[in-house]
Amino acid sequence: MVAPTNGRAVNKTLHVDALIQAIKADFGKLTDHRAQNAKIALDDAIMSAFAVFHLKDQSLLAFDERRRREPENLHTVYGVTGIPCDSQMRAILDEVDPDYLRPAFRTVFRRLQRGKKLESMTLLGGHYLLSGDGTGFYSSTKVASPYCLKKTRRNGTELYYQQMYAAALVHPDCREVIPFFPEMITRQDGSAKNDCERNAARRFFEALRREHPHLKLIVTEDALSSNAPHIEDLQRLNLRFILGVKPGDHQFLFSLVDDAIAQGKVTELQQVDSNDPGKIHFFRFINQVPLNQSRQDLLVNFLEYWQVDKNNKVTRFSWVTDLTITPENVEEVMRAGRARWKIENETFNTLKNQGYNLEHNYGLGKKHLSAVFAILMMLAFLVDQVQQMSCHLFQAALKELGSKRALWEMMRNYFRIFRVDSMETIFRVLVYGPGGYIVMERDWLGG
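These numbers were taken from a predicted model, which means no experiment stands behind them.

Caption draft 1: Molecular detail of the overall build of the protein. Along its length, the protein carries 16 helices and 12 strands. Its C-alpha atoms give the protein a radius of gyration of 24 Å, within 12% of the compact-globule value 22 Å for 447 residues. Going through the 447 residues of the protein one by one, you find that 55% of them count as buried. Summarising the internal contacts of the protein: among those between residues at least 6 apart in sequence, 64% fall at separations of at least 24.

Caption draft 2: Quick peek at empty space enclosed by the protein. Tallied over the entire structure, the rule returns 2 cavities of 30 Å³ or more. When its volume is computed, the largest cavity comes out at roughly 100 Å³. Lining the largest cavity we find 14 residues, and of these Arg-102, Phe-180, Phe-181, Leu-208 and Glu-211 sit closest to its centre. For the lining of the largest cavity, the residue count by class is 9 nonpolar, 1 polar and 4 charged.

Caption draft 3: Structural view of the nonpolar core. One finds Tyr-78 and Phe-205 to be the most contacted residues of the largest nonpolar core, which totals 145 residues. Looking at this core, the element that brings in the most residues is helix α12 (residues 369-390), giving 16 residues.

Caption draft 4: Quick look at the side chain of Thr-347. With respect to the helices and strands, the residue Thr-347 is situated in helix α11 (residues 342-353). A relative accessible area of 1% places Thr-347 in the buried class.

Caption draft 5: Focus on helix α8 (residues 228-236). For α8, every residue scored as buried is listed here: Ala-228, His-230, Ile-231, Asp-233 and Leu-234. Elements that come into contact with the buried residues of α8 comprise α7 (197-211), β7 (217-221), β8 (240-244) and β11 (299-308). The backbone nitrogen of His-230 has a side-chain oxygen 3.0 Å away, supplied by the residue at the start of α8, namely Asn-227. Looking at the residues trailing α8, positive phi occurs at Asn-238, about 55°.

Caption draft 6: Representation of the packing of helix α1 (residues 16-28) against helix α2 (residues 42-54) in the model. The interhelical angle for the contact between α1 and α2, taken along N-to-C directions, is 145°, at an axis separation of 9 Å. Our pair here, α1 against α2, has a crossing hand that is right-handed. Listed contacts from α2 to Val-16, Ile-20, Ile-23, Lys-24, Phe-27 and Gly-28 of α1 are Asp-43, Asp-44, Ile-46, Met-47, Phe-50 and His-54. Classifying every residue of the contact of α1 with α2 gives 7 nonpolar, 2 polar and 3 charged.

Caption draft 7: A look at helix α9 (residues 251-262). In this model α9 runs 17 Å from its N-terminal to its C-terminal C-alpha over 12 residues, within 8% of the 16 Å that 1.5 Å per residue would give. All buried positions along α9 are accounted for by Leu-253, Phe-254, Val-257 and Ala-260. End-on, the buried residues of α9 take up no more than an arc of 115°, which puts them together on one face. For α9, the exposed residues lying more than 90 degrees away from the buried face are Gln-251 and Ala-262. Buried residues belonging to α9 abut β10 (280-290), β11 and β12 (314-321). Among the residues trailing α9, Gly-264 stands out with phi positive, at a value near 75°.

Caption draft 8: Layout of the packing of aromatic side chains. Applying the stated rule across the entire model yields 20 aromatic pairs. Plain terms: the ring middles of Phe-254 and Phe-302 are 5.3 Å apart, the flat faces sit at 85° to each other, and that makes the pair edge-to-face. A residue pair is termed long-range when its members are at least 10 positions apart, and Phe-254 in helix α9 and Phe-302 in strand β11 qualify at 48 residues. Three or more aromatic residues joined by ring pairs form one cluster here, namely Tyr-356, Phe-381, Phe-394, Trp-408 and Phe-427. Sitting over the face of the ring of Trp-306, Arg-316 holds its NZ or CZ atom 4.6 Å from the ring centroid.

Conventions used here
Residues numbered from 1 in each chain as written. Predicted model: local features only at pLDDT ≥ 70, side-chain atom pairs only at ≥ 80, totals over all residues. Heavy atoms only, no water. Helix = DSSP H or I, 4+ residues; strand = E, 2+ residues; numbered from the N terminus. Rg over C-alpha atoms; globule rule 2.2 N^0.38 Å. Buried < 20%, exposed > 50% of the residue type's maximum accessible area, 1.4 Å probe, protein only. Contact = heavy atoms within 4.5 Å. 1 Å grid on protein atoms, 1.4 Å probe; cavity = no way out; pocket = protein on both sides within 12 Å on 5 of 7 lines; lining within 4 Å. Points joined across faces, edges and corners; volume = space filled by probe spheres on them. Nonpolar A, V, L, I, M, F, W, Y, C, P; charged D, E, K, R; others polar. Core = buried A, V, L, I, M, F, W, Y, C linked by side-chain atoms within 4.5 Å. Polar contact = N/O pair within 3.5 Å; in protein donor to acceptor, adjacent residues only side chain to side chain. Axes fitted to C-alpha atoms, helices over the stretch in contact; angles between N-to-C directions. Left-handed = near helix turned anticlockwise from the far one by under 90°. Expected span 1.5 Å × (residues − 1). Arc of directions from axis to C-beta. Phe/Tyr/Trp six-rings, centres within 6.5 Å; stacked < 30°, edge-to-face > 60°. Lys NZ or Arg CZ within 6 Å of the ring centre and 35° of its normal.

See below:
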């Protein structure tokens, strides 16, 4: 067992129960346009769906069984008064505008800011690194809604699908990521055309700047984002950038760099890895070069990096950025560019493979149901990431059980078997054993 620290207080604003209460309060402020005699309150329906993803239930039927067998715990832990059955939940949430869920993300983020938990994630002059990309969350060859995108496969079948553009704060040295409210890539109201990732990214960054106008951000994305319109959007919104580039997609830029190398205008550095003497790092950079032939007025700074290991395996990356590259910051710029993969590995792969079931069909609906489910799943993931970053009980429970899947399973087991008054009680039992639920008042008030 992990060594007991029962007297250690949890953070009174960032521990899981405080965040659940704050999220429930945000949902309680939403306007319910349904009839006043609706049996299930809107905030109860949304909070019940959040519980599905926070408890990592694998289906709505599993939650429906929980509703019948464990209603007291849903009342005490999630503050749900009227618990909808699965069909009621689908019907209610299908009509919910996904933007209604934005305030909950802002609430959690502001608590992280006030709690000083984000300061360790800054780099390159006090900036936060924001990694973004698109991912799918629904696809079918049979079932579609008016909001689904559509494409014809080579065999002639139609594929209906929905995606989202998602972005999270990342750091090269931090395992946790902090996601923002995602932007849906779905067919827009009244449109006969497919939406696309580029348009969704534009909407995402415009909304991000409205909500966080002064946040110092460096955006890092893949090579598809290294185009003039997107870079100009980022500049207009006062967002710095480190964007991937590839020789096949940016031939003019790489040809120009090759000419600059021949003329001795490119700075080249190399260093032996301090932790692995068999690995050598190579850097090549030049500032203020045109992005492409058609927009030679748009100047960027170019960095190429490659490493060679003891087996002579070469790994190569290249980026453009608006940050002036120097010998002093070139390694930090490189590490920031490589951290882009955290949106894939620590975000999308976690959501798909560590119990959140991102690609599982919880319900499509006729309007917004699948989007609302995807957003609430991301919100549950955000709450878990905050716990992983700031809650000693969550950290100890994860260490004790060895994996997140095991932790989620034990959480559900205790939730099913015992009557509990909070998630903190469950974590204390997981860490300290059966007597862990006995806590002193000062532990509950926190510090």
